Amino acid sequence: MPVPILKQGTYLIASVQSALTDADTERLQDDLMAYVSKYRAKGIIVDVTAIDVMDSFAARSLRTIVHMTKLRGAQTVIVGLQPEVAFAMVQLGLTFEDMHTALDLEEGLAWLNRKFSARHQRDGS
């Protein structure tokens, strides 16, 4: 099932509604990369609140999305990781020091806003 991706200003919000198959995960990666280019998105939120189980492929794919979109100039934040999912990811030895996570959509939007506000202040824009 495709993941809906909404455009909100210069941000994209991908809301994962259910557990993803490997094919769904790859499609999400492709879709996000296409949308980043099409809309020149500066920030991306991947909302995984609805997911209560995540396998290692899906977890690694989230990290890949963060790296791919960063190379295209967009900052990505993963929001809504359930406690059980976070625990399982740690048990699998998956580390996410190089990606930002937030408790929920509101916190993710606030993080992106702070990130870009600070950048604009540094650049004098």
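That block above? That's the structure.
The structure reproduced in this document is the subject of the present report. Computed from a predicted model, the values in this text were never measured in an experiment. (Residues numbered from 1 in each chain as written. Predicted model: local features only at pLDDT ≥ 70, side-chain atom pairs only at ≥ 80, totals over all residues. Heavy atoms only, no water.)

Some thoughts on unusual backbone geometry
At R40, a residue that is not glycine, the phi angle is positive and equals roughly 50°. Along the chain, R40 falls in the loop between α1 (22-39) and β3 (43-47). (Helix = DSSP H or I, 4+ residues; strand = E, 2+ residues; numbered from the N terminus.)

Looking at the packing of aromatic side chains
Applying the stated criterion across every chain, the model contains two aromatic pairs. Pairing Y11 with F116 gives two aromatic rings, centres 6.0 Å apart and planes at 35°, and the pair type is tilted. One end of the pair, Y11, is in strand β2 (residues 11-15); the other, F116, is in helix α4 (residues 105-123), and 105 residues separate them in sequence. Measuring from ring centre to ring centre gives 5.6 Å for Y35 and Y39, while their planes differ by 65°; the resulting arrangement is edge-to-face. Of this pair, Y35 and Y39 both sit in helix α1, four residues apart, roughly one helical turn. (Phe/Tyr/Trp six-rings, centres within 6.5 Å; stacked < 30°, edge-to-face > 60°.)

Some points on the side chain of D47
Looking at the secondary structure, you find D47 in strand β3. The side chain of D47 is buried and forms no salt bridge, while R114, the nearest opposite charge, is found at 16 Å. If we skip the residues at most four places from it in the chain, D47 touches A14, S15, V16, V79 and G80. (Buried < 20%, exposed > 50% of the residue type's maximum accessible area, 1.4 Å probe, protein only. Lys, Arg positive; Asp, Glu negative; His and termini not counted. Salt bridge = Lys/Arg side-chain N within 4 Å of Asp/Glu carboxyl O. Contact = heavy atoms within 4.5 Å.)

Quick word on the pattern of salt bridges
Here the structure, examined in full by the defined rule, presents one salt bridge. For the salt bridge of D31 with R27, the shortest nitrogen-to-oxygen distance reads 3.6 Å. One end of the pair is D31 and the other is R27, both in helix α1 and four residues apart, which spans about a single turn.

Here we look at the sheet that holds strand β5 (residues 100-102)
Pairing is mixed across the open sheet formed by five strands, whose spatial order is β1-β2-β3-β4-β5. Looking at strand neighbours, the two that pair on one side only are β1 (5-8) and β5, the edges of this open sheet. Ignoring which end each strand starts from, the neighbouring axes of this sheet average 25° apart. Examined bridge by bridge, β1 and β2 share four bridges and lie antiparallel to one another. Residue pairing in the sheet places L6 in a bridge with I13 of β2. Contacting β1, β2 and β3, α1 runs over the sheet at an angle of about 160° to β2. Seen against the sheet, helix α2 (residues 56-71) touches β3 and β4 (75-79) and runs at an angle of roughly 155° to β4. (Pairing = 2+ DSSP bridges. Axes fitted to C-alpha atoms, helices over the stretch in contact; angles between N-to-C directions.)

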